Amino acid sequence: GENVEQHPSTLSVQEGDSAVIKCTYSDSASNYFPWYKQELGKGPQLIIDIRSNVGEKKDQRIAVTLNKTAKHFSLHITETQPEDSAVYFCAAGRTNTGFQKLVFGTGTRLLVSP
Amino acid sequence: KAGVTQTPRYLIKTRGQQVTLSCSPISGHRSVSWYQQTPGQGLQFLFEYFSETQRNKGNFPGRFSGRQFSNSRSEMNVSTLELGDSALYLCASLEGNEQFFGPGTRLTVL
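Here's what I pulled together on the structure shown here. Only a predicted model underlies this, so the values are computations on that prediction, with no experimental measurement involved. (Residues numbered from 1 in each chain as written. Chains lettered and ligands numbered in written order. Predicted model: local features only at pLDDT ≥ 70, side-chain atom pairs only at ≥ 80, totals over all residues. Heavy atoms only, no water.)

At the interface, 17 residues of chain A touch 18 residues of chain B. Summed over both partners, the interface of chain A with chain B comes to about 1,500 Å²; 55% of that surface belongs to carbon and sulfur atoms. Across the chain A-chain B interface, the total number found is 2 residue pairs in polar contact (both at pLDDT 80 or more). For the side of chain A that touches chain B, the secondary structure elements donating two or more residues are β4 (32-38), β5 (45-51) and β10 (101-104) of chain A. Considering only residue class, the side of chain A that touches chain B consists of 8 nonpolar, 6 polar and 3 charged. (Contact = heavy atoms within 4.5 Å. Buried area = accessible area lost by both parts, 1.4 Å probe. Polar contact = N/O pair within 3.5 Å; in protein donor to acceptor, adjacent residues only side chain to side chain. Helix = DSSP H or I, 4+ residues; strand = E, 2+ residues; numbered from the N terminus. Nonpolar A, V, L, I, M, F, W, Y, C, P; charged D, E, K, R; others polar.)

What follows is the structure, encoded as structure tokens:
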């Protein structure tokens, strides 16, 4: 079945460092790859997404890269801040039918120390 | 615009009971998806409703069911609760390709 693997499960960095989270997906028909940030007591919030016709996308300190051949995609956060501390989830899905069923990774707990 | 709302936020039930959770999507959104989140399994897709019809379903037993009303509000029901049903149940409404999640309902089964 469809599967998304996410690594690492926990990541501790110093404020100002960069953080990288990697995901691998199994369904070659996936064409939409969002990243979500979940803070304690809240639902996941979309922070950035990328589609299969794009290799890289950047939004201020956050960037996502996609390698469709290898079925890998990664989240890069530069100049990390304590408020970046949260659980991050990658996901993969198909959007061509108008319906979006996302398969999520298992999450990465990011801790940014001041 | 108000976000996705879920009620109740917390619920405690005992094994064998049934439970109904409610989700109101963002105004104008017609698609509502439900997910179960647990520490061991992560976020798993339950089902999705669009215009009162279930469009897709995940790999959950028949004890898990849902419905959607004409105003797009959705409910999910779990019958004959088991200890393993303890989880955070999230609903999300869809606009374009972006899913907007609610805060979830934390269900504890004793």
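Let us look at the packing of aromatic side chains. Evaluated as defined, the whole model comprises 13 aromatic pairs over all chains. Measuring from centroid to centroid gives 5.7 Å for Y35(B) and F45(B), while their planes differ by 70°, and the two rings are edge-to-face. Separated by 10 residues along the polypeptide, Y35(B) in strand β4 (residues 31-38) and F45(B) in strand β5 (residues 42-50) bring together distant segments of the chain. As far as the burial class goes, Y35(B) and F45(B) line up, both buried. Taken together, Y36(A), F89(A), F104(A), Y35(B), F45(B) and F101(B) form an aromatic cluster joined through their ring pairs. The ring of F50(B) carries the charged tip of R55(B) above its face, separated from the ring centre by 4.3 Å. (Phe/Tyr/Trp six-rings, centres within 6.5 Å; stacked < 30°, edge-to-face > 60°. Buried < 20%, exposed > 50% of the residue type's maximum accessible area, 1.4 Å probe, protein only. Lys NZ or Arg CZ within 6 Å of the ring centre and 35° of its normal.)

Turning next to the sheet that holds strand β7 (residues 64-68) of chain B. Sheets are built from strands paired through backbone hydrogen bonds, the pairs being either parallel or antiparallel. Residues and elements named next belong to chain B. The 4 strands are arranged β1-β3-β8-β7 in an open sheet whose pairing can be described as antiparallel. Looking at strand neighbours, the two that pair on one side only are β1 (5-7) and β7, the edges of this open sheet. Neighbour-to-neighbour, the strand axes of the sheet open up by a mean angle of 20°, direction not taken into account. Bridging between β1 and strand β3 (residues 19-24) involves 3 bridges; their strand directions are antiparallel. Residue T5 lies in a different strand from β3, and its bridge partner there is S24. (Pairing = 2+ DSSP bridges. Axes fitted to C-alpha atoms, helices over the stretch in contact; angles between N-to-C directions.)

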